[in-house]
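Residue-level structure breakdown
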Amino acid sequence: MKAIRVHAFGEPEVMKIETVADPKPAEGEVVVAVRAVGVNPVDTYIRSGQYPVLPKLPYTPGIDAAGIIETVGRGVTRLGVGTRVYVAGARSGTYAEKALCRESQVHPLPDRLSFAQGAGVYVPYATAYRALFQRAQGRPGEWLLVHGATGGVGLAALQFASNAGFRIIATAGTEQGRKLTIENGAQFVLNHHAPDHFEQALTLTSGHGVDVILEMLANVNLDRDLPLLAKNGRVVVIGSRGRIEIDPRATMGRDSAILGMALLNTPEADQITLHAAIGAGLANGALTPVVSHQIPLPEAPQAHHQIVESRAHGKIVLRT
Ligand code: NAP
């Protein structure tokens, strides 16, 4: 099969398409014929060698994908050959024509969704669910600010939150992005490049403050997020690409909390919960991944340039 291989960490161009042996499923494993691959920012951090945990070289990148189960190993009972699935991590990396997964890493993909949409499910929706419900313990009726709502995680958060009954303020960097956030459930949208958008958010809540902030770029926004929070407010640091100075005093009078998260830390019981929530939402139409670009697998370097250099309008997906 064809797969993207990385022999040395570095620029996007270190990713090359190569022919490698087809994976064979051992006990408890399945092989998925991959139709589409989800590109996530973390794939770029790992490829460049700038991530706390790095794979052994050479490796095939990728966590997200969607496709059809092609073969199953002994003891696999939950899903059979021919099932459409979204992939939540793979033993072999997903930037490939086939992915070797543990049975627990594949989940049904309803017919209403394309494979490209299925490739945009796991990291974005699991992260959004974990941040909003498991870390922030968000509750319907609360004010939510999705700070950076046009990417994979932000749009997933809008869909979860609007279906659950939050009052939602989104931010976006472009006009097209602002339109997209309203289409996906935001009631209000602000431009995160406007210096006064923090004050505008506070005004929208009539001075109550925001109960939950999902923060995609904490190194830019965290210091000005803190005074926005309501009493007992929570900010979840989902994305951060550098350092920032904050005033801890801003948390004191509000009894507010700054909560970090890494999807990889999710305990098994919480993973079962979030896949159940995602599965239900995909099946009943509450959750619909937004695909912005589809790029052929051999052009993976272009996708990595695009995800860090361009404004987001949904997911970038590779097609096998
Ligand atoms: P993405 O699709 O590339 O989207 C990036 C988002 O950041 C866009 O909505 C973008 O908005 C927004 N952004 C740009 N400038 C901003 C600013 N000044 N303030 C607020 N937002 C701004 O990425 P993603 O998949 O949604 O992931 C978002 C972040 O979360 C990334 O840093 C990623 O690495 C991280 N992440 C973390 C975890 C975890 O486990 N902690 C899991 C998944 C993702 P515009 O393009 O409209 O300007």
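Bear in mind the structure is a predicted one, so any value in this text is a computation, not a measurement.

As a further point, take the packing of helix H3 (residues 122-135) against helix H9 (residues 268-284). When two helices pack together, their arrangement is given by the angle between the helix axes and the distance between those axes. It is at 10 Å that the axes of H3 and H9 come closest, and there the two elements cross at 110 degrees. What the angle tells us is that H3 and H9 run roughly perpendicular. For the pair H3 and H9, the crossing hand works out as right-handed. Contacts from Tyr122, Tyr125, Ala126, Tyr129, Arg130 and Gln134 in H3 reach Asp270, Thr273, Leu274, His275, Ala277 and Ile278 in H9. Residue classes in the contact of H3 with H9 are distributed as 7 nonpolar, 3 polar and 2 charged.

Moving on: the packing of aromatic side chains. If you walk through the whole model with that rule in mind, you get 7 aromatic pairs. Measuring from centroid to centroid gives 4.8 Å for tyrosine 129 and phenylalanine 133, while their planes differ by 40 degrees, and the two rings are tilted. In this pair, tyrosine 129 and phenylalanine 133 are both assigned in helix H3, 4 residues apart and thus about one turn of the helix distant. Exposure remark for tyrosine 129: the relative accessible area of 14% places this residue in the buried category. One aromatic cluster is present, built from ring pairs that chain together Tyr125, Tyr129, Phe133, Phe160 and Phe166. A cation over an aromatic ring shows up here: arginine 84 above the ring of phenylalanine 115, its NZ or CZ 4.5 Å from the ring centre.

With that out of the way, let us pick up the pattern of salt bridges. Tallied over the entire structure, the rule returns 11 salt bridges. One salt bridge in this structure joins glutamate 183 and lysine 179, with 3.0 Å as the shortest N-O distance. On the criterion of helical spacing, the pair formed by glutamate 183 and lysine 179 is a turn pair, its members being 4 residues apart in helix H5 (residues 175-183). Per residue, the accessibility class of glutamate 183 equals that of lysine 179, and both read exposed. Each member of the salt-bridge network shares a partner with another, and the members are Asp22, Glu70 and Lys98.

Pairing in this open sheet of 6 strands is parallel, and the strands run E10-E9-E8-E11-E12-E13 from one edge to the other. Either end of the sheet is taken by a strand with one partner, and the two such strands are strand E10 (188-191) and strand E13 (257-260). Here the strands of the sheet are splayed against their neighbours by 20 degrees on average, with no regard to which way each runs. Looking at chain direction, strand E8 (residues 143-147) and strand E9 (residues 167-172) are connected through 4 bridges and run parallel. Pairing of valine 146 across the sheet is with alanine 170, part of E9.

With that out of the way, let us pick up the nonpolar core. Formed by 48 residues in total, the largest nonpolar core has its most connected members in Leu132, Leu144, Phe160, Leu214 and Ile278. For this core, the secondary structure elements donating two or more residues are strand E5 (84-88), helix H2 (115-118), H3, E8, helix H4 (152-164), E9, strand E11 (210-215) and H9. The dominant element in this core, judged by the number of residues it contributes, is H3, at 9 residues. Residue contributions to this core reach at least three from each of two domains, namely domain 1 (2-121 + 289-319) and domain 2 (124-264). Those residues within four positions of isoleucine 278 in sequence are excluded, and the remaining contacts are Tyr86, Val121, Tyr125, Ala126, Phe160 and Leu287.

It is worth spelling out the domain arrangement of the protein chain at this point. Looking at the assigned domains, one finds that the protein chain contains domain 1 (2-121 + 289-319) and domain 2 (124-264). The C-alpha-based centres of domain 1 and domain 2 are spaced at 28 Å. Taken together, the contact between domain 1 and domain 2 spans 14 residues of the former and 15 residues of the latter. Summed over both partners, the interface of domain 1 with domain 2 buries about 1100 Å², with 59% contributed by carbon and sulfur atoms. Inspection of the domain 1/domain 2 interface yields 0 salt bridges. Among the residues forming the side of domain 1 that touches domain 2, the class breakdown is 7 nonpolar, 4 polar and 3 charged.

A separate point is the environment of isoleucine 244. Counting through the fold element by element, isoleucine 244 comes out in the loop between strand E12 (229-237) and helix H8 (249-252). The spatial distance from the C-alpha of isoleucine 244 to the C-alpha of leucine 222 is 7.5 Å, given a sequence separation of 22 residues. In contact with isoleucine 244, other than residues within four places in its own chain, are Ala218, Asn219, Val220, Asn221, Leu222 and Asp223.

Excluding glycine, most residues fall at negative phi; most peptide bonds, likewise, are trans. Note that the residue after leucine 57, namely proline 58, is joined by a cis bond; omega there is -10 degrees. Locating proline 58 in the fold gives a position in the loop between helix H1 (41-47) and strand E4 (64-72). The phi dihedral of glutamine 137 is positive, around 55 degrees, even though this residue is not glycine. Among the secondary structure elements, glutamine 137 is positioned in the loop between H3 and E8. Unlike most non-glycine residues, asparagine 232 shows phi in positive territory, near 65 degrees. Among the structural elements, asparagine 232 can be located in strand E12. Judged by relative accessible area, which is 48%, asparagine 232 ranks as partly exposed.

Procedures and definitions
- Residues numbered from 1 in each chain as written.
- Predicted model: local features only at pLDDT ≥ 70, side-chain atom pairs only at ≥ 80, totals over all residues.
- Heavy atoms only, no water.
- Axes fitted to C-alpha atoms, helices over the stretch in contact; angles between N-to-C directions.
- Helix = DSSP H or I, 4+ residues; strand = E, 2+ residues; numbered from the N terminus.
- Parallel < 35°, antiparallel > 145°, perpendicular 65-115°, else oblique.
- Left-handed = near helix turned anticlockwise from the far one by under 90°.
- Contact = heavy atoms within 4.5 Å.
- Nonpolar A, V, L, I, M, F, W, Y, C, P; charged D, E, K, R; others polar.
- Phe/Tyr/Trp six-rings, centres within 6.5 Å; stacked < 30°, edge-to-face > 60°.
- Buried < 20%, exposed > 50% of the residue type's maximum accessible area, 1.4 Å probe, protein only.
- Lys NZ or Arg CZ within 6 Å of the ring centre and 35° of its normal.
- Salt bridge = Lys/Arg side-chain N within 4 Å of Asp/Glu carboxyl O.
- Pairing = 2+ DSSP bridges.
- Core = buried A, V, L, I, M, F, W, Y, C linked by side-chain atoms within 4.5 Å.
- Domains from an automatic or database assignment.
- Buried area = accessible area lost by both parts, 1.4 Å probe.

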